[in-house]
Amino acid sequence: MIYYVAAFSLILIGAYAVLVKKNMIKIVLGLSLIDSGVNILLVALGYINGKTAPIFSNPSLKAEGMVDPVPQALVLTAIVIGVAVTALALTIVIRLHDHHKTLDISKIRELKW
Amino acid sequence: MRKAIAVIFLGIIGYYLLATFFNIPFGIARVLDGVGFKYLAMGVPDTGAANVVTSIVVNFRGFDTLGEVTVLFLAATGMGALLHHREPMKRSRQNASIIVKAGARILFPLIIILGAYVFVHGHLTPGGGFQGGAIIASGFLLMFMSYRSYHVNHVVISRVESLAGSTFVIIGLFGLVYGHSFLANVLPLGTVNTLFSAGVIPLIYIAVGFKVGSELTGLLDTMLKTVK
């Protein structure tokens, strides 16, 4: 249960940063936090009490004693995509800073109509 | 005002999310004969990889991993395009202290070896190409941070990256020619739990490790060069 609470705390803290903060780097950090929260949630959903990691490193291990490997494989993909998204978002922040000389998103007036 | 509205809004969302998820019991097997158990039962006989997560990522869903590598490549390309400057920029950051410099010089080869170990043993232990590549890139980041004059050759990096990416696709095409499908495991599976086992999985993960390592290193270098 504590894992659900941790995952949702991360998601909500990230969403708060995206909604309230005006510094663009903090907004990107918020997106990254949401990403981590979703990853923890997925892995927690795949966990089964008393079972071990899905690696047959020992002949005594049986498939019945292992947790679901599918969420772990999905999260492995999601982490890499998250890195790509964060890197691209920070690149756009760098370009916006070059152009407007500010990181404050409310000072970039062209976004408003 | 904005903060208050955001907190109330997120509080409502959080309450309903938690209320819903408390109905989903934690830590019990939900799907008794789902795809996960199929993978656990068939992973070792079908692919020869002791690590079932690796056999899913590289073999059962190998095409998906090719797409994932492509997304990473697109991000690196997009960064290169957005941060392109006519005149090459010089990095001008503070010089690190002598302790950091000496420590970085000792740690750098060890970090590279750890990264190589992680991606070579991806089919036996937790880890794999993506994790190993990230470790290698973190070693290069340590060097970028310690030595202001340290630089990597972008031509070499992009060559390594393209070569590793092509290796992945060529191994996949071998599966199409000699096996039954793209990325089929055409090499002998060997004994489970030894280094030379699992057919094409270690080869693909080594290629992915080189690709991710060089890509992230290039990405860090591009970003650090824009700092004036």
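Data block above holds the structure.
The notes below deal with the structure included here. Because the structure is predicted, anything quoted here is derived from the model rather than measured. (Residues numbered from 1 in each chain as written. Chains lettered and ligands numbered in written order. Predicted model: local features only at pLDDT ≥ 70, side-chain atom pairs only at ≥ 80, totals over all residues. Heavy atoms only, no water.)

Here we take up a nonpolar patch on the surface. Residue and element names in this part refer to chain B. A cluster of nonpolar side chains, contributed by Val169, Ile170, Leu173, Phe174, Leu176, Val177, Tyr178, Val186, Leu187 and Leu203, occupies part of the molecular surface with about 900 Å² of accessible area. No other element matches the 7 residues that helix H7 (residues 154–178) contributes to the nonpolar patch. Mapped onto the elements of the fold, Val177 is located in helix H7. (Patch = residues over 30% accessible without salt bridge, like charges linked within 9 Å, V, L, I, M, F, W, Y side chains within 5 Å. Areas by Shrake-Rupley, 256 points an atom, 1.4 Å probe, with all protein chains shown as cover. Salt bridge = Lys/Arg side-chain N within 4 Å of Asp/Glu carboxyl O. Helix = DSSP H or I, 4+ residues; strand = E, 2+ residues; numbered from the N terminus.)

Bringing the interface of chain B and chain A into the picture now. Facing the 53 residues of chain B at the interface are 45 residues of chain A. Of the roughly 4300 Å² buried at the junction of chain B and chain A (both faces included), carbon and sulfur atoms supply 77%. A per-residue breakdown of the area chain B buries against chain A is headed by B:Leu10, B:Phe26 and B:Leu40, which together make up 16% of the total. Run the count over chain B and chain A and you get 0 salt bridges. The tally of links from chain B across to chain A stands at 5 residue pairs in polar contact (both at pLDDT 80 or more). Mapped by element, the contributors of at least two residues to the side of chain B that touches chain A are helix H1 (2–21), helix H2 (35–47), helix H3 (52–60), helix H4 (62–82), helix H6 (129–146) and helix H8 (201–226) of chain B. If one sorts the elements of the side of chain B that touches chain A by residue count, H1(B) sits on top with 10 residues. (Contact = heavy atoms within 4.5 Å. Buried area = accessible area lost by both parts, 1.4 Å probe. Polar contact = N/O pair within 3.5 Å; in protein donor to acceptor, adjacent residues only side chain to side chain.)

Ranked by size, the top nonpolar core spans 39 residues in total, and within it B:Val57, B:Phe130, B:Phe168, B:Ile204, B:Tyr205 and B:Val208 carry the most contacts. Only helix H3 (69–100) of chain A together with H2, H3, H4, H6, H7 and H8 of chain B provide two or more residues apiece to this core. Counting residues per element, this core draws most heavily on H8(B), at 8 residues. Apart from residues lying up to four places away in sequence, B:Tyr205 is in contact with A:Leu76, B:Thr54, B:Val57, B:Val58, B:Phe119, B:Gly122, B:Gly127, B:Gly128, B:Gly129 and B:Phe130. (Core = buried A, V, L, I, M, F, W, Y, C linked by side-chain atoms within 4.5 Å. Buried < 20%, exposed > 50% of the residue type's maximum accessible area, 1.4 Å probe, protein only.)

A separate point is the side chain of B:Lys211. Residue position: B:Lys211 is located in helix H8. If near-sequence neighbours (up to four positions away) are discounted, B:Lys211 is found in contact with B:Val69, B:Phe73, B:Glu161, B:Ala164 and B:Gly165.

Purely geometric numbers; function is a separate question.
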